[in-house]
Structure formats: C-alpha cells, structure tokens
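Summary of structural features
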Amino acid sequence: MKLTLGFSPCPNDTFIFDAMIHGRIDTEGLEFEVFLGDVEELNRRAGVADLDITKLSYHAYAHLTEKYILLDAGSALGNNCGPLLIAKSQIPSENISDLKIAIPGKLTTANFLLSLAFPNATQKVEMLFSEIESAVLNGTVDAGLIIHENRFTYADKGLVKLIDLGEYWEQSTGMPIPLGGIVIKRNLPESILQKVNRIIRRSVEYAWANPAASEAFIAQHAQEMDPAVRRQHIDLYVNQYSADLGGHGRAAVSHLLKVAEEKKLIPIQKQAIFLSFTA
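Here is a short report on the structure shown in this document. (Residues numbered from 1 in each chain as written. Predicted model: local features only at pLDDT ≥ 70, side-chain atom pairs only at ≥ 80, totals over all residues. Heavy atoms only, no water.)

Regarding the packing of aromatic side chains
For clarity, the threshold we go by: Classification of ring pairs rests on two measures: the distance between centres of Phe, Tyr or Trp rings, Trp counted by its six-membered ring, which must be within 6.5 Å, and the angle between planes, read as stacked under 30 degrees, edge-to-face over 60 and tilted in between. Secondary structure is summarised from DSSP: a helix means a run of H or I of at least four residues, a strand means a run of E of at least two, and numbering begins at the N terminus for each. Only protein chains enter the accessibility calculation, which uses a 1.4 Å probe. A residue is then buried if its area is under 20% of the maximum for its type, exposed if over 50%, and partly exposed in between. By definition here, charges over rings are those cases where NZ of Lys or CZ of Arg is within 6 Å of the ring centre and within 35 degrees of the ring normal.
Counting across every chain of the model gives 1 aromatic pair. Between Phe7 and Phe17, the ring centres sit 4.6 Å apart and the planes meet at 15°, which makes this aromatic pair stacked. With a gap of 10 residues between them, Phe7 in strand β1 (residues 2-7) and Phe17 in helix α1 (residues 11-21) connect regions that are remote in the sequence. What makes Phe17 buried here is its relative accessible area of 0%. Of note, Arg45 hangs over the ring of Phe35, and the distance from its end group to the ring centre comes to 4.0 Å.

This is how it looks when you write it as structure tokens:
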C-alpha cells in the first residue's frame, strides 16, 4: 500500500523521515510518496485533504480535525524552541501592536502565538519563512516572526529579538509549546493509523541511533547549509515528544486548543484529537 506523505525540507523533518522513506527500517509493507513543502503550503494542502499523512501547524490542525487525526509520533514540541519576533532595533512592547509584521503564514502556530501575545497587532504580511529576515532588513516590514533555523542566524545579520513567543507561552502556561504535528486521514483503516504511528516512531529512533545516515538527505534540502546550524536545529526540535507525545505532550496540545477556542481563534473541537492507544 502506498500513502502520500508531506513534510517540510527543514532539518528536523528530514531527520525524522529519512529512515522510513529510504528503506532503512521496516515499514510493515507500506510505501510513501513524498511531497516536500513549506509549513504554510502543507497547512493549505491539508485544508483540501490531498495528502494521506502530513506535517502541519497545530493551529492549522485545529481547523481540520474532522479530516485528520493526530499521531503521537513526529511532533515538533518542546521548551525554548518557539518563534521569535525580530526587528532591526529594539522596539518597546507597547508599540509592537502598531508594527507591520511579516508572518510565515496565517495558520501557523507562530501566528497563533503572536495573536495571543499581541491581539491588536493586525498589520500582518504573509510570506515564505525564509524571506522574512530579508524583508525586515530592507524595510519592507517593521518586524518579522521567524521560525525554523532562522532563530540561529538572525543575530549574525544584525537583527535583534523583540520577544520569544515560546517563552511567552511557557511562562503563561508552564507547558511545552506545540508547534507542529503529524496527522493522518481519519478515514483510513485503524490498522493503518497504528502502523504509520509505529513506523514514524521507529524512524525517529533509527535517526537518533544512526545520526550520520540522514546527513546527506538533510543537507540536500536545508536552507542553512552550515552543519553546526543543522545540528542545533535538530537537537532543538527533535526530542522525546517527537518519538511519542506522551501524557505531558498531549496535555500541552489540548491546552493550546482550549485556549484557542476560548479566544475564538479556532472552531469548537467536536472530534477526538488523538490516536487511540493500542496494547
């Protein structure tokens, strides 16, 4: 059986999925047709449900729970890994709501966090995440919301951090920040849902045990080619929650969706969010 699989070209995703798409582990008879796309492109494609399995922002998932269910394996969730709001110089927090801000997509968790911290910041410009630093530098926007490996490079370009929205979330809730998860179509057989979850976890565990195996695939697709930056990126975003959300990870995801519901930023959730446990 062949399933379509979407994930980003960022180092954390290519690290996670390398083993399962290159035959390094047992895929239990499944094959995968891969689509690589920017996080907001993946969010949009999930909206029309044309991928069987896909990475997407937790904010986007909240709008798509009727079509997809969340797997326990593959998530980007943790501490000190949230999106950063940057500018060319320091700006008082009371003035941030007046800024023209570049965001990596309307349905990204990054934009959700920005909306929580600065609900009156409405001058937002959507653009590809890798173009945001340049837009700030050339004055197209006043500030930019950066994600992925850009958090490791913005200071080298003379930009400054206005706020770490991951820290904002963690200080407000005491929970890790759910950024992106892996979802699968609800209408697939339960046996396939469980099988895919096992395969992704197996792929993560193989990548940890054999880090050199995925290096060429990661380098082929990474925006930032410095191996040290790629390794920082992987170490930050691939952690215990990437193998298994567990109770703490599930609680963080549930809390994010509850807060979003209360703020009327997402629809009221009527479906089970998480994959059922199996013995």
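From this point on, the discussion continues.
Overview of the packing of helix α4 (residues 109-117) against helix α6 (residues 165-173)
Between two packed helices, both the angle of their axes relative to each other and the distance between the axes serve to describe the pair. To keep it simple, the criterion reads: Structural elements are reduced to axes, namely lines fitted to C-alpha atoms, with helices fitted over the stretch in contact, and the angle between N-to-C directions of any two is expressed from 0 to 180 degrees. For classification, angles of less than 35 degrees are called roughly parallel, those exceeding 145 degrees roughly antiparallel, those between 65 and 115 degrees roughly perpendicular, and all remaining angles oblique. Rotating anticlockwise by less than a right angle from the far helix to the near helix defines a left-handed crossing, while the corresponding clockwise rotation defines a right-handed one. Throughout, a contact is declared for two residues whenever any of their heavy atoms are within 4.5 Å. Each residue is assigned to one class: nonpolar for Ala, Val, Leu, Ile, Met, Phe, Trp, Tyr, Cys and Pro, charged for Asp, Glu, Lys and Arg, and polar for all the others, Gly among them.
Running from N to C, α4 and α6 cross one another at 60°; their axes reach a closest spacing of 10 Å. Here α6 runs oblique to α4, going by the angle between their axes. The two elements α4 and α6 meet at a crossing, and its hand is left-handed. Contact with α4, carried on its side by Ala110, Phe112, Leu113, Leu114, Leu116 and Ala117, involves Leu165, Tyr168 and Trp169 of α6 and no other residues of that element. Among the residues forming the contact of α4 with α6, the class breakdown is 9 nonpolar, no polar and no charged.

Here's the deal with the environment of Gly139
Following the sequence through the fold, Gly139 ends up in the loop between α5 (132-137) and β9 (143-146). For Gly139, a relative accessible area of 46% puts it in the partly exposed group.

A closer look at the environment of Trp169
As for its placement among the helices and strands, Trp169 is situated in helix α6. Counting along the chain gives 47 residues from Trp169 to Ala216, while the straight-line C-alpha distance between them is 35 Å. Not counting residues up to four positions away in its chain, the partners in contact with Trp169 are Phe112, Leu113, Leu116, Gly174, Met175, Pro176, Ile177, Pro178, Ala252, His255 and Leu256.

Observations regarding the nonpolar core
Where we set the bar: The set of buried Ala, Val, Leu, Ile, Met, Phe, Trp, Tyr and Cys residues whose side-chain atoms join them within 4.5 Å is what this entry labels a nonpolar core.
Judged by nonpolar contacts, the single largest core of 86 residues is most densely connected at Leu70, Leu85, Ile101, Val196 and Ile200. Among the elements that line this core, the one with the most residues is helix α7 (residues 190-209), at 7 residues. Counting residues in each nonpolar core, the second largest holds 11 residues, with Leu84, Met127, Tyr154 and Leu159 among its members.

Here we look at the pairing of strand β3 (residues 53-57)
This is how it is decided: Being paired, for any two strands, means DSSP has found at least two bridges between them.
In terms of burial, β3 is a largely internal element, 5 of the 5 residues being buried. Of the two faces of β3, the one lined by Ile53, Lys55 and Ser57 and the one lined by Thr54 and Leu56 are each fully buried. Where β1 and β3 come together, 2 bridges link them in parallel fashion. Pairing of Leu5 across the sheet is with Ile53, part of β3. Relative to strand β11 (residues 177-185), β3 runs antiparallel, the two sharing 5 bridges. Its bridge partner lying in β11, Thr54 is registered against Val183.

What to know about the pattern of salt bridges
Oppositely charged side chains may form a pair once their charged atoms are brought near each other. For clarity, the cut-off: Any carboxyl oxygen of Asp or Glu within 4 Å of a side-chain nitrogen of Lys or Arg constitutes a salt bridge here.
Summed over all chains, the structure comprises 12 salt bridges. Between Asp72 and Arg250 there is a salt bridge; the shortest N-O distance is 2.7 Å. Of this pair, Asp72 sits in the loop between β4 (68-70) and β5 (76-78) while Arg250 sits in helix α11 (residues 246-262); the two residues are 178 residues apart in sequence, bridging distant segments of the chain. Judged by relative accessible area, Arg250 falls into the buried class, the value being 13%. Bridged by salt links that share partners, the residues Glu28, Arg198 and Arg202 form one connected network.

Thoughts on α6
The cut-off we apply is this: This arc is built from the directions going out from the helix axis to the C-beta atoms.
Among all positions in α6, only Leu165, Gly166, Trp169 and Glu170 are buried. Buried residues of α6, viewed axially, fall in a sector of 140°; they line one side. Away from its buried face by more than 90 degrees, α6 exposes Gln171 and Ser172. Residues of α6 that are buried make contact with β5, α4, β9, β10 (160-164), β11 and α11.

With respect to the side chain of Ser57
With respect to the helices and strands, the residue Ser57 is situated in strand β3. Given the relative accessible area of 3%, Ser57 is considered buried. If we ignore the near neighbours within four places in the chain, the residues touching Ser57 are Val39, Asn43, Leu107, Thr108, Thr109, Leu179 and Gly180.

Some points on the side chain of Thr14
When you line up the elements, Thr14 lands in helix α1. Given the relative accessible area of 0%, Thr14 is considered buried. The contacts of Thr14, once residues within four sequence positions are left out, are Phe7, Ser8, Pro9, Phe217, Ile218 and His221.

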